[in-house]
Amino acid sequence: MDSTTLNNRTAWDKAYQQQLRAYDEMLAEAATGATLVPTERELLRNILAERPLVVHPQSGNGQDDIALVQAGARAVIGVDYSAAAVHAAQGRADDLGVVCRYLIATVPGLPLDDGCADLVYTGKGALIWMPDIDAWAAEMARLVRPGGHLFIHDGHPATELWTWDVDEPRVRPDRSYFGRSLVCDDYCFPANGAVMWQWTLGQIVTAVVSAGLEVRRLEEYSEPFWRMGGVDAAAFRGRLPNAFALLASRPSAS
């Protein structure tokens, strides 16, 4: 593990340790399945109806995994490099009797077989932690079985540019859509000080296609997937992109 990834993992371990104070609250939220937002449910409805085995790289607190099982998934394998996140996620799944199991590992390099997943689900703040978007996409494609799917629901790459001013949308003067990396600050609490990587939507889509997957749907949304402290920034009020979803499939073997 390189030093930047190690520092990022340390920051997230600390953040997830702090979240343990809200374990019961997060358990109650997970039980409702509310973290799987309506746009995700719509795009995944037919796939989840087939009771897929789901692999969720960068699974974080695991709340989405519980929602996926409640929505139809046969089981979810969550993977994260934070031991604190993995242990808390496993505890919540066990407490709710949901079929999820968790592994500690980095992306790429997951200790899972090729083609093991009917659905690879990832997003909600995952891609900004990937220093190599092509290596990430290749790993996602490796996990998807022929005929299976990759689903991304994440913050729009432009979101990191917006200020949280409430009067009108503004662009942060210290950010660039075409920048390479940036340091996490109060705008992406709780992992303050960690290094994030900026990928354009074009780079993300090209990486997925280059990895051998076929894009089925690409949608952009004005509503962010997360508002820290419920902030009502002008940038979130319908004029600017704040989230996106991408559904891709691996061609069936001939």
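Residues numbered from 1 in each chain as written. Predicted model: local features only at pLDDT ≥ 70, side-chain atom pairs only at ≥ 80, totals over all residues. Heavy atoms only, no water.

**Student:** Help me out: how do you make sense of the nonpolar core in this one?
**Tutor:** A general trend in soluble globular proteins is that nonpolar side chains are found buried together. Judged by nonpolar contacts, the single largest core of 31 residues is most densely connected at W136, L150, I152 and V208. Elements with a minimum of two residues in this core: β2 (75–80), β4 (117–123), α6 (133–143), β5 (144–155), α7 (201–210) and β9 (243–249). No other element matches α6, which puts 6 residues into this core. The residues contacting L150, other than those within four sequence positions of it, are V120, T122, W136, M140, V144, V208, L213, L246, L247 and A248. By size, the runner-up hydrophobic cluster in this structure holds 26 residues, among which are L44, V54, V76 and L119. (Core = buried A, V, L, I, M, F, W, Y, C linked by side-chain atoms within 4.5 Å. Buried < 20%, exposed > 50% of the residue type's maximum accessible area, 1.4 Å probe, protein only. Helix = DSSP H or I, 4+ residues; strand = E, 2+ residues; numbered from the N terminus. Contact = heavy atoms within 4.5 Å.)

**Student:** Help me understand the sheet that holds strand β3 (residues 100–104), please; the structure alone is not making it clear to me.
**Tutor:** Backbone hydrogen bonds are what pair the strands of a sheet, in a parallel or an antiparallel way. Sheet architecture is open: 7 strands sit in the order β3-β2-β1-β4-β5-β9-β8, paired in mixed fashion. Taken across any chain shown, the strands that pair with only one partner, and hence form the sheet edges, are β3 and β8 (214–221). Going across the sheet, the axis of each strand differs from the next one's by a mean of 15°, ignoring polarity. Here 7 bridges tie β8 to β9, and the two strands are oriented antiparallel to one another. Each bridged residue has a counterpart across the sheet, and for E214 the counterpart in β9 is S249. Helix α4 (residues 63–70) contacts β1 (53–57), β2, β3 and β4 of the sheet and is inclined by roughly 165° relative to β2. (Pairing = 2+ DSSP bridges. Axes fitted to C-alpha atoms, helices over the stretch in contact; angles between N-to-C directions.)

**Student:** Would you explain empty space enclosed by the protein in this entry?
**Tutor:** Where empty space is left becomes clear once a probe the size of a water molecule has been rolled over the atoms. This structure, assessed with the given rule, holds 1 cavity of 30 Å³ or more. Empty space within the largest cavity amounts to approximately 30 Å³. Taken together, Y16, Q19, L20, M26, N61, A85, A88 and R92 make up the lining of the largest cavity. When residues of the lining of the largest cavity are traced back to their parent elements, those giving at least two are α1 (3–19) and α5 (83–96). The element that contributes the greatest number of residues to the lining of the largest cavity is α5, accounting for 3 residues. Looking at the lining of the largest cavity, its residues break down into 5 nonpolar, 2 polar and 1 charged. (1 Å grid on protein atoms, 1.4 Å probe; cavity = no way out; pocket = protein on both sides within 12 Å on 5 of 7 lines; lining within 4 Å. Points joined across faces, edges and corners; volume = space filled by probe spheres on them. Nonpolar A, V, L, I, M, F, W, Y, C, P; charged D, E, K, R; others polar.)

**Student:** What am I meant to see in α6 here?
**Tutor:** Residues that lie three or four places apart on an α-helix share one face, since the helix turns once every 3.6 residues. Turning to α6, its buried residues number three or more, namely I133, W136, A137, E139, M140, A141 and L143. Considering only its buried residues, α6 is in contact with β1, β4, β5 and α7.

**Student:** Would you mind showing me how to read the pairing of β4 here?
**Tutor:** Here is the key point about a regular strand: its side chains alternate between the two faces of the sheet. Most of β4 is tucked away: 7 of the 7 residues are buried. One ladder, built from 2 bridges, connects β1 with β4; its direction is parallel. Counted as the bridge partner of V54 is L119 from β4. Sheet analysis places β4 next to β5, joined by 6 bridges and oriented parallel. In the sheet register, Y121 faces β5, and the bridge partner there is F151.

**Student:** What is the right way to look at the packing of α6 against α7 in this model?
**Tutor:** The description of two helices packed together rests on the angle between their axes and the distance between the axes. It is the contact of α6 with α7, at a shortest axis distance of 8 Å, that shows an interaxial angle of 40°. If you check the angle between α6 and α7, you find them oblique. In this structure, the crossing between α6 and α7 has a hand that is right-handed. Here I133, D134, W136 and A137 of α6 lie close against α7, whose contacting residues are Q203, I204, A207 and V208. (Parallel < 35°, antiparallel > 145°, perpendicular 65-115°, else oblique. Left-handed = near helix turned anticlockwise from the far one by under 90°.)

**Student:** Got a minute to help me understand the pattern of salt bridges in this structure?
**Tutor:** It is possible for side chains bearing opposite charge to pair when their charged atoms get close. Counted by the stated rule, this structure contains 15 salt bridges. Here E168 makes a salt bridge to R170, at a shortest N to O gap of 3.9 Å. With a relative accessible area of 33%, R170 lands in the partly exposed category. E219 is the partner of R217 in a salt bridge, and the nearest nitrogen-oxygen pair spans 2.2 Å. Exposure remark for R217: the relative accessible area of 40% places this residue in the partly exposed category. Look at the salt bridges and you will find they share partners, linking D165, D167, E168 and R170 into a network. (Salt bridge = Lys/Arg side-chain N within 4 Å of Asp/Glu carboxyl O.)

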